[in-house]
Amino acid sequence: MATVNQYFNIGSCTSARWIDENSFVYLSTKSGVNQIWQKSLLTGEEEQKTFFNERVWNLYTSRGNVFFTMDLGGNEQEQIHYLCMDSKEVKNLTQNNDARYQLGGVKPDGKTVVFACNARNPKNFDLCQLDSQTGNQEILFENTDSYNTPAALSPNGRYLLYNKLKAQSDNCLWILDTETRTTKNIDSNANYAQYTSPTWKHDSSGFYFLTDKGSEFLYLAYYDIESGCISKIYEENWDIEDAELSCDDKYLALKINRNGYTDLEIYNTSTGRFENTPSMPKGVMAYYGISWAPTTHRLLVTLTSGQRPSDIWMLDVDNDKVERMTFTDLDGISKDELVEAELRHFESFDGVQVPYWIYKGTKSANSRSVVIEVHGGPEAQERPMFSPMIQYLVGEGLTVVAPNVRGSTGYGKTYHHLDDIEKRLDSVHDAACLAEHLVEENIADKDKIAIMGGSYGGYMTLSCITGYPDLWAAGVDTVGMSNLETFLENTADYRRSHRESEYGSLEKHRDILRKVSPIHSVDKITAPLMVVHGANDPRVPVGEAEQIVKSLRDRNVPVEYLLYLDEGHGISKRKNQFDCYPKVAAFLKKHLKVE
């Protein structure tokens with residue numbers, strides 16, 4: 001029987017970027033934490049290029065050069081690095097761990113890096129550039145009023161697109177002219193909407209992007225630089241979640257989120273029609289981007305599903321071919337031991353239909369021990385992706401249920417905002433209704449249901465065991481918020497304003513924040529609780545864990561606390577996963593009465 005460590009020893013390959021027509025780089029956890037690897041298409045050889053103990057965050061390639069960001073101990077203070085592909089020598093270009101640097105692109109000279117950073121003021125990100133050879137930095141645009149994130153640099157290096165992030169799903173797209181140092185909002189009449197995933201035409205005359213302005217779902221649009229006009233190109237009743245233009249502007253690769261699965265569609269910009277191309281295996285291609293080859297119509301994507309850890313796949317449009325490019329090792333576990341999720345729905349307390357994924361294996365067919373796993377965000381979506389913890393628990397005889405409670409993305413703007421501010425506890429009520437639904441459907445015994453989650457899922461765990469204490473046999477809170485007031489007071493300065501748009505502001509909504517904070521209802525907890533946190537977490541500071549743990553211990557209520565000194569918002573290092581997750585699994589099995 002496979003151990004929990006075997007499941008967590010299964011790595012991932014993501015974020016592929018072409019170096020040239022014959023090779024690409026990608027991120028892999030083969031060494032225990034995300035590092036840069038290179039694959040040759042001529043020889044099939046794979047070679048590790050970086051050898052750090054810290055995770056690499058983002059990759060960018062330009063004219064055969066590789067730039068990347070990396071933090072320290074999970075603190076998310078990303079620094080920009082340059083990797084020489086021949087010597088494997090790495091140069092830290094920023095060297096300021098008191099600030100966060102976000103890559104925006106590299107100019108055509110191959111050495112001038114454009115980025116955003118909050119070195120001048122922790123609350124705001126200025127738009128800057130540096131010479132990777134001399135180290136000289138300069139501010140292109142000094143920001144005083146918002147959280148700016150770079151989005152895409154034009155191929156000619158003149159225009160930097162960036163988001164003014166007013167809220168997680170309210171982020172106007174602006175243009176910085178790096179020559180005149182002037183800025184412009186692409187939509188002066190922007191309402192509450194998203195403007196994401198811009199991809200430039202190669203003559204820098206305009207760009208395609210995604211927006212949900214005036215719509216329930218993200219659709220494809222185009223912005224023309226000369227006229228300043230926006231045109232809607234393609235729309236359907238699902239989110240288009242990513243777009244990337246091919247080397248010659250002929251094809252647009254679109255990732256469409258249809259009911260949680262990703263469909264990859266190739267849009268011909270000349271004919272206005274979709275190409276008939278071979279399909280990828282059914283799964284999810286979210287989060288990690290897509291990359292066209294420099295001169296051909298070959299496309300790299302990251303694909304995952306319940307039975308498939310994240311790997312790089314290639315679609316060759318001209319030759320009608322799909323090919324898997326990396327092969328993540330299952331560490332002795334048979335693919336048949338892994339399960340795919342099944343999509344179901346239940347009706348919540350007010351008639352809202354809530355989707356959920358159920359993972360059920362042969363051992364759990366007759367077992368009614370269930371773990372409800374709630375995603376973070378809350379502006380995110382549970383999708384049928386590979387999860388080592390879910391697969392291990394199912395292999396041990398548990399059923400895992402992963403809902404998309406109200407407030408989740410992927411189901412339209414209306415559903416997305418059903419949990420805002422004063423409606424926060426309605427999503428907690430959804431989770432309680434799900435527990436009751438599972439009992440009614442004979443999926444779970446009423447005394448064998450646990451709840452767990454990370455980040456906002458950790459908050460949901462704490463809210464569920466305080467708000468509906470009789471429903472739960474156990475709870476596991478990972479990097480979750482216990483007190484929304486102190487969370488907002490202590491989260492990274494630049495995150496506060498856009499988090500307040502979701503939870504309520506410290507200035508106007510303290511009464512609501514107190515009402516919905518689990519810390520004020522700790523005396524209602526009867527379920528055994530495990531709390532997991534990283535000491536360097538900048539998003540949900542470790543004080544959120546310490547508050548709930550101290551409050552329970554002061555009441556002589558048993559609570560298990562796992563603190564990792566070299567982690568941030570989550571447990572990313574394999575050595576820590578090997579310590580943490582066997583304990584989490586044993587905790588759940590014990591309280592759900594699984595032998």
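*Asks:* Can you lay out the overall build of the chain for me, pointing to particular residues and giving the numbers?
*Replies:* On a plain count of helices and strands, the chain comes out with 10 helices and 36 strands. The C-alpha radius of gyration computed for the chain amounts to 24 Å, which stays within 12% of the reference 25 Å derived for 595 residues, consistent with globular compactness. Overall, the C-alpha framework of the chain stretches about 65 × 55 × 45 Å when taken along its three principal axes. Evaluated residue by residue, the chain yields a buried proportion of 63% over its 595 residues.

*Asks:* I'd love a proper account of the packing of aromatic side chains, names of residues and values included.
*Replies:* Counted by the stated rule, this structure contains 26 aromatic pairs. In textbook terms, an aromatic cluster arises when at least three aromatic residues are bridged by ring pairs, as seen for Y159, Y195, W200, F207, F209 and Y223. In this arrangement the basic side chain of K232 is found over the ring face of Y219, its NZ or CZ atom lying 4.3 Å from the centre. Above the ring of Y261, the side-chain terminus of K282 is found at 4.3 Å from the ring centroid.

*Asks:* Lay out the sheet that holds strand β35 (residues 529-534) with the relevant residues and their values.
*Replies:* Read from one edge to the other, the open sheet built from 8 strands follows the order β29-β30-β32-β31-β33-β34-β35-β36, with strand pairing classed as mixed. The open sheet has two edge strands with one neighbour each: β29 (342-347) and β36 (559-564). With strand direction ignored, the average angle separating the axes of adjacent strands in the sheet is 20°. Examined bridge by bridge, strand β30 (residues 353-359) and strand β32 (residues 399-403) share 4 bridges and lie antiparallel to one another. Bridged to W357 within β32 is A402. Along the sheet, helix α5 (residues 456-467) contacts β31 (370-374), β33 (449-454), β34 (474-478) and β35; its crossing angle with β33, the most-contacted strand, is approximately 145°.

*Asks:* Describe the sheet that holds strand β8 (residues 90-92), listing the residues and the values that go with them.
*Replies:* Strand order in the open sheet made by the 4 strands is β5-β6-β7-β8, with antiparallel pairing throughout. Edge positions in the open sheet fall to β5 (56-62) and β8, since each of these has one partner strand only. Put simply, the sheet's adjacent strands are angled 25° from each other on average, direction ignored. Bridge count between strand β7 (residues 79-83) and β8: 3 bridges; the pairing is antiparallel. Across the sheet, residue H81 finds its bridge partner in β8, namely N92.

*Asks:* Give me the pairing of strand β17 (residues 195-200): which residues, what numbers.
*Replies:* Counting buried positions along β17 gives 5 out of 6 residues, so the element sits mostly inside the fold. As paired strands, β17 and strand β18 (residues 206-211) are joined by 4 bridges and run antiparallel to one another. Each residue of the ladder has a partner; that of T196, found in β18, is L210. Here β17 folds back onto β18, and the loop between the two strands holds 5 residues, one of which, S204, carries a positive phi near 65°.

*Asks:* How would you sum up the environment of D177? Please name residues and give values.
*Replies:* Relative to the helices and strands, D177 resides in strand β15 (residues 170-177). Separated by 119 residues in the primary sequence, D177 and T296 place their C-alpha atoms 30 Å from one another. If we skip the residues at most four places from it in the chain, D177 touches R158, Y159 and T182. At 2.9 Å, the side chain of D177 and the backbone nitrogen of E179 are in polar contact. One polar contact links the side chain of D177 to the main-chain amide nitrogen of T180, over a distance of 3.2 Å.

*Asks:* Residue-level account of the pattern of salt bridges, with values.
*Replies:* In this structure the tally under the stated criterion is 38 salt bridges. Three or more residues are tied together by salt bridges with common partners; here these are E54, D566, K573 and K575.

*Asks:* Kindly report on helix α4 (residues 424-440), identifying the contributing residues and their values.
*Replies:* Between its first and last C-alpha atoms α4 spans 26 Å; for 17 residues at 1.5 Å apiece the expected length is 24 Å, and the two agree. When we look at burial in α4, the residues that qualify are R424, S427, V428, D430, A431, A432, C433, L434, A435, H437 and L438. Taken from the residues just after α4, N442 is the one with a positive phi, measuring 60°.

*Asks:* How would you explain unusual backbone geometry if you had to name every residue and give the values?
*Replies:* Cis geometry marks the peptide bond from G377 to P378, where omega comes out at 0°. Inspection of the secondary structure assignment puts P378 in the loop between β31 and α2 (388-395). The phi dihedral of N556 falls on the positive side, at around 60°, and the residue is not glycine. Relative to the helices and strands, N556 is located in the loop between α9 (543-554) and β36. Using a relative accessible area of 72% as the deciding quantity, one classes N556 as exposed.

*Asks:* I'd like a description of the environment of I372, backed by residues and values.
*Replies:* Take I372: it is sitting in strand β31. For I372, a relative accessible area of 0% puts it in the buried group. Leave out the neighbours within four places in its chain, and I372 touches V401, P403, A431, L434, A435, L438, I449, A450, I451, M452 and W472.

*Asks:* Hey, could you go over the side chain of H569 for me, with residue numbers and the actual values?
*Replies:* Here H569 lies in the loop between β36 and α10 (574-591). H569 sits in the buried class, given a relative accessible area of 17%. There is a polar contact of 2.8 Å between the side chain of H569 and the side chain of S455. Only 2.8 Å separates the side chain of H569 from the side chain of D537, close enough to count as a polar contact. Non-local contacts of H569, meaning those with residues more than four positions away in its chain, are made with G74, E76, S455, V479, D537, R539 and V540.

*Asks:* Which residues make up the nonpolar core, and what values go with them?
*Replies:* Membership of the largest hydrophobic core comes to 53 residues, with the highest contact counts inside it found for I372, L438, W472 and I548. Those residues in contact with W472 that sit more than four places away from it in its chain are I372, A431, A432, A435, I449, A450, I451, C464, I465 and A527. L338, V394, M452 and I571 belong to the second-largest nonpolar core, a separate cluster that totals 41 residues.

*Asks:* So what's going on with the pairing of strand β20 (residues 230-234)? Residues and values would help.
*Replies:* Summarising the sheet, strand β19 (residues 219-224) and β20 pair through 4 bridges and their orientation is antiparallel. Among the inter-strand pairings, A221 is bridged to a residue of β20, identified as K232. If you look at the hairpin formed by β19 and β20, you'll find 5 residues sitting between the two strands, and G228 has a positive phi there, around 75°.

*Asks:* I'd like a description of α10, backed by residues and values.
*Replies:* For α10, with 18 residues, the first-to-last C-alpha span of 26 Å sits near the 26 Å given by 1.5 Å per residue. Among the residues of α10, those classed as buried are R574, N576, Q577, C580, Y581, V584, A585, F587, L588, K589 and H591. Looking one or two residues beyond α10, the residue adopting positive phi is K593, at roughly 60°.

*Asks:* An account of the environment of N442 is requested, with residue identities and associated values reported.
*Replies:* One can find N442 in the loop between α4 and β33. Judged by its relative accessible area of 57%, N442 is exposed. Considering only alpha carbons, one finds N442 and R368, 74 residues apart in sequence, at a separation of 7.5 Å.

Cut-offs applied
Residues numbered from 1 in each chain as written. Predicted model: local features only at pLDDT ≥ 70, side-chain atom pairs only at ≥ 80, totals over all residues. Heavy atoms only, no water. Helix = DSSP H or I, 4+ residues; strand = E, 2+ residues; numbered from the N terminus. Rg over C-alpha atoms; globule rule 2.2 N^0.38 Å. Buried < 20%, exposed > 50% of the residue type's maximum accessible area, 1.4 Å probe, protein only. Phe/Tyr/Trp six-rings, centres within 6.5 Å; stacked < 30°, edge-to-face > 60°. Lys NZ or Arg CZ within 6 Å of the ring centre and 35° of its normal. Pairing = 2+ DSSP bridges. Axes fitted to C-alpha atoms, helices over the stretch in contact; angles between N-to-C directions. Contact = heavy atoms within 4.5 Å. Polar contact = N/O pair within 3.5 Å; in protein donor to acceptor, adjacent residues only side chain to side chain. Salt bridge = Lys/Arg side-chain N within 4 Å of Asp/Glu carboxyl O. Expected span 1.5 Å × (residues − 1). Core = buried A, V, L, I, M, F, W, Y, C linked by side-chain atoms within 4.5 Å.

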